[in-house]
Structure formats: C-alpha cells, structure tokens
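Understanding the architecture of this molecule
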Amino acid sequence: MLWTLRKSVVISRDAISKADWHEQFSVPRSHLGWRFGTALPGMLFAGTFVARGARTFLYMLHPIGLFGDIEAPHILELTLTDCFYGRILITVDDVDMAEQIVRWTRGRD
C-alpha cells in the first residue's frame, strides 16, 4: 500500500505484470508527460504523470534533474495491467525489501 496526499494506492499481485529494482534509474522527463504533484529539487519528485493516455505514479527521493533526464537511486518499477496507473516508480532504499517485493510479484514468496 502506498500513501499519497489524497489517498492510498492498493495494488494486487495479479495487477503487476513486471517488477524491477534499479540501483540507479533514469527516465527522460518527456516520457512522463504532464505532472500533477510536487517537486523539491534534490529532495523529492512525486505525483501522477500522464503521457499518451498512460498514467505513471512516481515517488522519487533525491532526484537529479527535473527537466531533462530524471535520475534517482534505488527505484522499484512496477508495470501494471488493468489499473488506474500503468506504471509505478518509487524509491525503496532497503535492497532486501526491494528484492522480496520483486520475488513476491513473481509468485516465488
């Protein structure tokens, strides 16, 4: 469960088609589209992004760059099907926890 400023986001395992943990993650800002959220340079980049009809929920701590490529460490990427969001990108600093989540989504735990 993720808590946002408005509500929580609950995702079932069946909705997760892919899960990956990235030591260092980079995404072009142009791929995210329009943002409804907040940014504190160097501290936080969060919100709902809409591009090409797809929604991405993003919660990144310690992002670098807010207008070109956005880079952040320790990102868990969840690709979803049949959900409000098509993708979720969140910071998970605990490597063991991130690996457990990835295994859980693949049905191995």
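Because the structure is a prediction, the values reported are computed rather than measured. (Residues numbered from 1 in each chain as written. Predicted model: local features only at pLDDT ≥ 70, side-chain atom pairs only at ≥ 80, totals over all residues. Heavy atoms only, no water.)

**What about the overall build of the protein chain?**
A count of helices and strands for the protein chain gives 2 helices and 8 strands. Its helices and strands in sequence order give the protein chain the pattern β-β-β-α-β-β-β-β-β-α, from N to C terminus. Computed over its C-alpha atoms, the radius of gyration of the protein chain comes to 13 Å, within 12% of the 13 Å expected for a compact globule of 109 residues. Burial analysis of the protein chain (109 residues in total) assigns 38% to the buried set. At a minimum sequence separation of 6, the contacts of the protein chain that also span at least 24 residues come to 52%. When the accessible surface of the protein chain is summed, it comes to about 6,800 Å², and 56% of that surface belongs to carbon and sulfur atoms. Across the protein chain, 12 positive and 12 negative side-chain charges occur, with their mean positions spaced 10 Å apart. (Helix = DSSP H or I, 4+ residues; strand = E, 2+ residues; numbered from the N terminus. Rg over C-alpha atoms; globule rule 2.2 N^0.38 Å. Buried < 20%, exposed > 50% of the residue type's maximum accessible area, 1.4 Å probe, protein only. Contact = heavy atoms within 4.5 Å. Areas by Shrake-Rupley, 256 points an atom, 1.4 Å probe, with all protein chains shown as cover. Lys, Arg positive; Asp, Glu negative; His and termini not counted. Charge placed at Lys NZ, Arg CZ, Asp CG, Glu CD.)

**As for the packing of aromatic side chains**
Applying the stated criterion across every chain yields a total of 3 aromatic pairs. Ring centres of phenylalanine 84 and tyrosine 85 lie 5.0 Å apart, and the angle between their planes is 90 degrees; on these two criteria the pair is classed as edge-to-face. Of the aromatic side chains, those joined through ring pairs into one cluster are Phe57, Phe84 and Tyr85. Over the ring of phenylalanine 84 we find arginine 55, and its NZ or CZ is 4.0 Å from the ring centre. (Phe/Tyr/Trp six-rings, centres within 6.5 Å; stacked < 30°, edge-to-face > 60°. Lys NZ or Arg CZ within 6 Å of the ring centre and 35° of its normal.)

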